[in-house]
Amino acid sequence: MPVGINHFVFIGSLLFGLGLCIVISSRNIVKILLGIILMFLSSVLNFAAFSNIKWFNPESHIILLVVIFFFVLLLITGYILAYNFVKKYKMLSLEPDNND
Amino acid sequence: MYDSLYYIFSAIIVITSIYLTFSKNLLNSLFAVLVTLLACSGLYVLLNSELFALLNILAITIIASIMLRYIPYLKKNLLVDEFNATDSNLLSSLIISLLTAVISSILASTRWPAPEINFEINSFALLFSKYLPALLAVIITFSVLFTCISYLLKKTKSIS
């Protein structure tokens, strides 16, 4: 079976689902950031597949650069927030302690 | 060759992302995300997007450098993750990913008319004239990235 756009879409949707599963299930800040990275990877993979597999369009690359720009800003913000959280509460879990 | 490379990279992505999701050890999850990024950069090369493959590899080096700097701290504090994937969470993420796949496949199977791209007008040769804002955005991204990382590396010395 020759590789087409649906193959890349399948991988992208699988990555998106796993990233979403991490984000809604995990209670660790670092793991949530990893889940967001997976979701971002799926979106960029879909974008690259749609923009390159049939026709090469240079403008799509510019849009992808802008998407990556906003993602990097989001990731840096999340990293700084996670750092401040760790510094303040001395833990990485978002789950409140039941013993308190 | 193209197909076999695609299947190799996609198998690596599937295995490492599933391991990343269900692993209790956060350090292993961090290593798994590095491998996932590497395999994704291989897929980008297959899709003629070498620039994004390069950006992915840059991200891998940055994450790996931060990880190697904080491995002792990670070993002390981050080993166990309270990962609680209930059935409802798994089901909802499965439904959403299936919906994503179906909608994207509908778009992919539609017979779009071939765009008439004039490569003399719309090409990377005119990047500096037409796409200068995007280029500036990329430069600002990397400057912000490196500044924040250097600032954080200075500030987080007290943690380790």
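> Tell me what's going on with the overall build of chain B, and back it up with residues and numbers.
The helix and strand inventory of chain B stands at seven helices and zero strands. Along chain B, from the amino end to the carboxyl end, the secondary structure elements read α-α-α-α-α-α-α. The proportion of buried residues among the 160 residues of chain B is 21%. A separation threshold of at least 6 residues defines the contact pool for chain B, and within that pool the share at least 24 residues apart is 54%.

> Lay out the overall build of chain A in plain terms, naming residues and giving numbers.
What chain A contains, in helices and strands, is three helices and zero strands. Reading the helices (α) and strands (β) of chain A from amino to carboxyl end gives α-α-α. Relative to its 100 residues, chain A shows a buried fraction of 38%. If you take every contact in chain A between residues at least 6 apart in sequence, the share linking residues at least 24 apart comes to 53%.

> Can you lay out the packing of helix α2 (residues 26-46) of chain B against helix α3 (residues 50-69) of chain B for me, pointing to particular residues and giving the numbers?
Residue and element names in this part refer to chain B. Contact geometry for α2 and α3: axes closest at 8 Å, N-to-C directions at 165 degrees. For the element pair α2 / α3, the angle class is roughly antiparallel. Crossing of α2 over α3 shows left-handed handedness. Along the contact surface, α2 presents L30, L34, L37, L38, C40, S41, Y44 and V45, while α3 presents E50, F52, A53, N56, I57, A59, I60, I63, A64 and M67.

> Which residues make up the nonpolar core, and what are the values?
L15, L41, L45 and A48 of chain A together with C40 of chain B are the most contacted members of the largest nonpolar core, which totals 43 residues. If you list the elements that add at least two residues to this core, you get α1 (5-25), α2 (29-52) and α3 (58-89) of chain A together with α1 (2-22), α2 and α3 of chain B. A per-element tally of this core places α2 of chain A first, with 13 residues. Residues in contact with L15 of chain A, not counting those within four places in the same chain, are L38, L41 and S42 of chain A together with I13 and S17 of chain B.

> Lay out the packing of α1 of chain A against α1 of chain B in plain terms, naming residues and giving numbers.
Between α1 of chain A and α1 of chain B, the least distance of the axes is 10 Å, while the angle of their chain directions is 10 degrees. If you check the angle between α1 of chain A and α1 of chain B, you find them roughly parallel. Counting all contacts with α1 of chain A, which are made through H7, I11, L14, L15, L18, C21 and I22 of chain A, the residues of α1 of chain B involved are Y6, S10, I13, V14, S17, I18 and T21 of chain B. Across the contact of α1 of chain A with α1 of chain B, the residue classes break down as ten nonpolar, four polar and no charged.

> So what about the confidence of the model for chain B? Which residues, and what values?
All names here are of chain B. Taken as a whole, chain B shows an average pLDDT of 75; of its residues, 71% reach a score of 70 or greater. Averaged pLDDT values for the elements of chain B fall to 56 in helix α6 (residues 127-130) and rise to 88 in α1. ipTM for the predicted complex: 0.81, alongside a pTM of 0.74.

> Run through α3 of chain B, naming residues and quoting values.
All names here are of chain B. Between its first and last C-alpha, α3 extends 29 Å over 20 residues, near the 28 Å set by a 1.5 Å rise per residue. Burial in α3 covers these residues: F52, A53, L55, N56 and A59. Angular distribution of buried residues about the axis of α3 spans 160 degrees; they occupy a single face of the element. The outward face of α3, more than 90 degrees from its buried face, is lined by the exposed residues E50, T61, S65 and L68.

> If you had to explain the confidence of the model for chain A to someone new, which residues and values would you point to?
Per-residue confidence for chain A averages 77 on the pLDDT scale, and 81% of its residues sit at or above 70. Mean pLDDT across the secondary structure elements of chain A bottoms out at α3 of chain A, with 74, and peaks at α1 of chain A, with 85.

> How would you sum up the environment of L5 of chain B? Please name residues and give values.
Mapped onto the elements of the fold, L5 of chain B is located in helix α1. Linking L5 of chain B and L43 of chain B, residues 38 residues apart in sequence, is a C-alpha distance of 8.4 Å.

Thresholds applied
Residues numbered from 1 in each chain as written. Chains lettered and ligands numbered in written order. Predicted model: local features only at pLDDT ≥ 70, side-chain atom pairs only at ≥ 80, totals over all residues. Helix = DSSP H or I, 4+ residues; strand = E, 2+ residues; numbered from the N terminus. Buried ≥ 20, exposed ≤ 12 C-beta atoms within 10 Å, placed from the backbone. Contact = placed C-beta atoms within 7 Å. Axes fitted to C-alpha atoms, helices over the stretch in contact; angles between N-to-C directions. Parallel < 35°, antiparallel > 145°, perpendicular 65-115°, else oblique. Left-handed = near helix turned anticlockwise from the far one by under 90°. Core = buried A, V, L, I, M, F, W, Y, C linked by C-beta atoms within 7 Å. Nonpolar A, V, L, I, M, F, W, Y, C, P; charged D, E, K, R; others polar. pLDDT = per-residue confidence, 0-100. Expected span 1.5 Å × (residues − 1). Arc of directions from axis to C-beta.

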